[in-house]
Every structure is written in structure tokens, then in C-alpha cells.
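# Survey of secondary and tertiary structure
Okay, here's what each chain looks like letter by letter:
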Amino acid sequence: QVQLVESGGGLVQPGGSLRLSCAASGISFSRYGVGWYRQFPGKQRELVAVMTSGGSRNYVDSVKGRFTLSRDNTKNTVYLQMNSLTPEDTAAYYCNCNIGGYDYWGQGTQVIVSS
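These lines cover the structure that appears in this document, whether it is placed above or below. (Residues numbered from 1 in each chain as written. Predicted model: local features only at pLDDT ≥ 70, side-chain atom pairs only at ≥ 80, totals over all residues. Heavy atoms only, no water.)

Glancing now at the sheet that holds strand 3 (residues 18-25). Taken together, four strands build an open sheet; the order of strands is 1-3-8-7 and the sheet is antiparallel. Both outer strands of the open sheet, strand 1 (3-7) and strand 7 (67-72), are each paired with one neighbouring strand and no more. This sheet shows a mean twist of 15° between the axes of neighbouring strands, independent of strand direction. Relative to strand 8 (residues 77-82), strand 3 runs antiparallel, the two sharing six bridges. Paired with arginine 19 across the two strands is glutamine 81, which belongs to strand 8. (Pairing = 2+ DSSP bridges. Helix = DSSP H or I, 4+ residues; strand = E, 2+ residues; numbered from the N terminus. Axes fitted to C-alpha atoms, helices over the stretch in contact; angles between N-to-C directions.)

Attention now moves to the side chain of threonine 77. By secondary structure assignment, the location of threonine 77 is in strand 8. You can call threonine 77 buried: its relative accessible area is 7%. Not counting chain neighbours up to four residues away, the residues in contact with threonine 77 comprise Ser21, Cys22, Ala23, Phe29, Ser70, Arg71 and Asp72. (Buried < 20%, exposed > 50% of the residue type's maximum accessible area, 1.4 Å probe, protein only. Contact = heavy atoms within 4.5 Å.)

Pairing of strand 1 with strand 3, which is carried by five bridges, proceeds in the antiparallel orientation. Looking across to strand 3, one finds that serine 7 is bridged to serine 21.

Turning next to the pattern of salt bridges. According to the stated counting rule, one finds four salt bridges in the structure shown. With a closest N to O distance of 3.4 Å, arginine 38 and glutamate 46 form a salt bridge. For arginine 38, a relative accessible area of 4% corresponds to the buried category. Exposure remark for glutamate 46: the relative accessible area of 33% places this residue in the partly exposed category. (Salt bridge = Lys/Arg side-chain N within 4 Å of Asp/Glu carboxyl O.)

Below is the structure:
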């Protein structure tokens, strides 16, 4: 059974940093790509960053230079390091893994950027 669990969200001041984690069970992130999405209130989820199974990374323009993906295969965990956060980054963040056309999602973790 595939399970994704996000953690690391919270309240941070503008300009601050957070590191989100996505831990997987039932699959190996070394074999599958992982995406991080975020959802603003009343909006659909949007892609933030993606890492392929081979380790290639892509980011949407709004987070380039501020967010960084990394992966620890020994812990089967993908991280999203978020720096220089702004209030516009406030959202619920989800990790996603698509396996055989089926999307697996975690429960999400809330990020609030506010002074």
C-alpha cells in the first residue's frame, strides 16, 4: 500500500525558511518521480516543483532560486527547502507520486507566511 506523509509546515515570517518532507512507504522514490503541489484557498492545486526518478529537478518560475528539491534514498524521503518565503507562498502543500497513471497524494501540510 502506497502512503505519502508530508510534514514540516508551519508559521514563518516573511523572508524565513521552511523545509517540507514527504516520506513514502510502499514505494521507492528512487524509482518514481515526485511532485510538490500547493493549493491556495478556493483554488485548484498547482505544481510547484518536480523531481524525476533520475534526480532531475524542475521548478515553476515563481519559486525558482528560492525552493530546492532534494532526496534521501536511505529514508525514502523527498524534501522541499523553501527560502525567502513571502505571504504569497501561504498555501497547503502536497506531495504527489504518479504510478501507472494513478495519483497518490499525501494529506498535505500547511504553510503560513505572515508577520
